[in-house]
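# Examining the three-dimensional arrangement
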Amino acid sequence: MQHRTVLMREPGASYPEATVRERASSPIDLACARAQHLELRGLLERLGLETVVLPAADELPDSVFVEDPALVRGDRAILLRTATPARRGEAEALAPVLERYKRVERLEAPACADGGDLLDAGKVLFAGLSERTNRAACEQLQELLPELRVLPVEVRGTGLLHLKSGATYLGRDTLLVAPGRFDSEAFRGYTLLETAPAEDAAANAVVAGGAVILPAGHPRTEVRLRERGFRVETADISEFAKGDGGLSCLCLFL
Ligand code: CIR
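Conventions and cut-offs
Residues numbered from 1 in each chain as written. Predicted model: local features only at pLDDT ≥ 70, side-chain atom pairs only at ≥ 80, totals over all residues. Heavy atoms only, no water. 1 Å grid on protein atoms, 1.4 Å probe; cavity = no way out; pocket = protein on both sides within 12 Å on 5 of 7 lines; lining within 4 Å. Points joined across faces, edges and corners; volume = space filled by probe spheres on them. Nonpolar A, V, L, I, M, F, W, Y, C, P; charged D, E, K, R; others polar. Core = buried A, V, L, I, M, F, W, Y, C linked by side-chain atoms within 4.5 Å. Buried < 20%, exposed > 50% of the residue type's maximum accessible area, 1.4 Å probe, protein only. Helix = DSSP H or I, 4+ residues; strand = E, 2+ residues; numbered from the N terminus. Near = heavy atom within 4 Å. Polar contact = N/O pair within 3.5 Å; in protein donor to acceptor, adjacent residues only side chain to side chain. Areas by Shrake-Rupley, 256 points an atom, 1.4 Å probe, with all protein chains shown as cover. Sits in = over half its atoms within 2 Å of the grid points. Expected span 1.5 Å × (residues − 1). Contact = heavy atoms within 4.5 Å. Pairing = 2+ DSSP bridges. Axes fitted to C-alpha atoms, helices over the stretch in contact; angles between N-to-C directions. Phe/Tyr/Trp six-rings, centres within 6.5 Å; stacked < 30°, edge-to-face > 60°. Salt bridge = Lys/Arg side-chain N within 4 Å of Asp/Glu carboxyl O.

Turning our eyes to something else, we now look at empty space enclosed by the protein. The full count for this structure, using the stated rule, is two cavities of 30 Å³ or more. Of the pockets and cavities examined, the largest cavity occupies roughly 80 Å³. Lining the largest cavity are Thr19, Asp62, Phe65, Asp68, Arg87, Arg132, Leu161, His162, Gly243, Asp244, Gly245 and Cys249. Classifying every residue of the lining of the largest cavity gives three nonpolar, four polar and five charged.

This is the structure in structure tokens:
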């Protein structure tokens with residue numbers, strides 16, 4: 001689970017027009033988004049990661065969310081097929097970069113998936129069934145990754161955009177989850193650590209450089225993690241939450 005290189009992409013001038021289910025009460029502040037992105041990058045570097053930061057792609061408003069167009073595992077990168085018309089083009093825009101590091105493969109129609117639904121938990125790849133990710137994707141991923149068990153988890157009806165909006169793998173067979181969102185059987189065999197009440201958004205975290213990075217503003221979940229021996233760092237990502245994104249969406253670990 002410890003990665004050394006993380007791919008990011010600067011938010012572009014079009015980021016305020018990102019795809020959202022509902023407009024936030026205040027508009028996205030692009031200057032603040034850029035500052036928050038830089039802060040996150042600095043934190044990852046302080047934690048010992050090498051960051052590869054791609055220039056903004058203004059024609060792709062959601063392209064700052066680099067987690068979604070690809071699944072990276074070992075020496076392979078699988079380019080995913082988005083179900084979101086405005087996000088078509090993001091996967092191929094990443095292809096030349098990923099080819100420098102990985103063997104690149106592609107999901108084929110009718111499969112659709114976003115990386116935000118693909119939760120790599122060691123021996124198991126939990127795959128959220130959502131508005132973005134379908135069963136055909138689970139089947140193709142199972143064929144491409146026979147060393148893993150691909151287990152579908154229902155996300156529709158949870159109110160979450162993606163599976164990883166409500167679950168993070170912390171290592172050692174432990175998942176950080178937002179309570180009451182998923183079928184209680186979904187993660188059988190794993191230890192579940194629940195976010196504190198009213199802090200569901202803390203369930204989208206990043207594990208890197210020996211720390212768990214939580215979105216800022218979830219103090220009681222922070223305490224829960226510290227009490228269990230995790231090193232916790234925080235990052236303010238308010239301007240990315242307005243674009244329906246979380247912390248993990250901003251990082252693609254290579
Ligand atoms: C979208 O709706 O696709 C973007 N505005 C947000 C994507 C967030 N990505 C993620 O949760 N992995």
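From this point, the narrative continues.
Here the focus is the nonpolar core. Side chains that are nonpolar tend, in soluble globular proteins, to be buried together. Formed by 26 residues in total, the largest nonpolar core has its most connected members in Tyr15, Leu40, Leu44, Ile213, Phe240, Leu250 and Cys251. Contributions of two or more residues to this core are made by strand S1 (5–9), helix H1 (30–46), strand S12 (206–208) and strand S13 (211–215). It is H1 that contributes the most residues to this core, five residues altogether.

Around the ligand sit 14 residues, and of these Thr19, Asp62, Glu67, Asp68 and His162 come closest. Between Asp68 and the ligand, the recorded distance is 2.8 Å, taken from a side-chain N or O atom to a nitrogen atom. Residue Arg87 places a side-chain N or O atom 2.8 Å away from an oxygen atom belonging to the ligand. Considered on its own, the ligand offers 350 Å² of accessible surface; in the complex 98% of this is hidden by protein. Given that more than half its atoms are within 2 Å of the pocket grid, the ligand belongs to the largest cavity. In terms of residue class, the shell around the ligand is made up of three nonpolar, five polar and six charged.

Compared with an ideal rise of 1.5 Å per residue, which puts 12 residues at 16 Å, helix H2 (residues 90–101) spans 18 Å between its outermost C-alpha atoms and is within 8% of the ideal. Turning to H2, its buried residues are Glu90, Ala91, Leu94, Ala95, Val97 and Leu98. Those residues of H2 hidden inside the fold are in contact with S1, strand S2 (50–54), strand S3 (70–73), strand S4 (76–79), strand S5 (103–106) and strand S15 (252–253).

This brings us to the sheet that holds strand S8 (residues 149–154). Strand order in the open sheet formed by three strands is S6-S7-S8, with mixed pairing between adjacent strands. Because the sheet does not close on itself, it has two edges, and the strands there are strand S6 (118–121) and S8. Between one strand axis and the next, the sheet turns through 25° on average, direction left out of account. Where S6 meets strand S7 (residues 124–129), four bridges bridge the pair, whose relative direction is antiparallel. Counted as the bridge partner of Leu118 is Ala127 from S7. Contacts between helix H3 (residues 135–144) and the sheet are confined to S6, S7 and S8, with S8 contributing the most and set at about 165° to the helix.

Attention shifts here to the packing of aromatic side chains. Pairs of aromatic rings are described using the distance from one ring centre to the other and the angle between the two planes. Throughout the structure, instances matching the rule amount to seven aromatic pairs. Judged by centre distance (6.3 Å) and plane angle (85°), the ring pair of Phe65 and Phe240 falls under edge-to-face. With Phe65 in the loop between S2 and S3 and Phe240 in helix H5 (residues 238–241), this residue pair connects regions lying 175 residues apart in the sequence. Classification of Phe65 by relative accessible area gives buried; the value is 3%. With a centroid separation of 5.5 Å and an interplanar angle of 80°, the aromatic rings of Phe182 and Phe187 are classed as edge-to-face. Both residues of the pair, Phe182 and Phe187, count as buried. Following the ring pairs from residue to residue traces out a cluster consisting of Phe126, Tyr169, Phe182, Phe187 and Tyr190.

Two side chains bearing opposite charge may form a pair once their charged atoms approach each other closely. Applying the stated criterion across every chain, the model contains 19 salt bridges. Here Glu105 makes a salt bridge to Arg103, at a shortest N to O gap of 3.9 Å. Classification of Glu105 as buried rests on a relative accessible area of 18%. Here Arg220 makes a salt bridge to Glu199, at a shortest N to O gap of 3.5 Å. Note that Arg220 is positioned in helix H4 (residues 219–227) and Glu199 in the loop between strand S11 (191–194) and S12, a separation of 21 residues in sequence. Accessibility expressed as a relative area gives 46% for Arg220, which makes it partly exposed. Sharing partners across several salt bridges, the network here consists of Asp68, Arg87 and Glu90.

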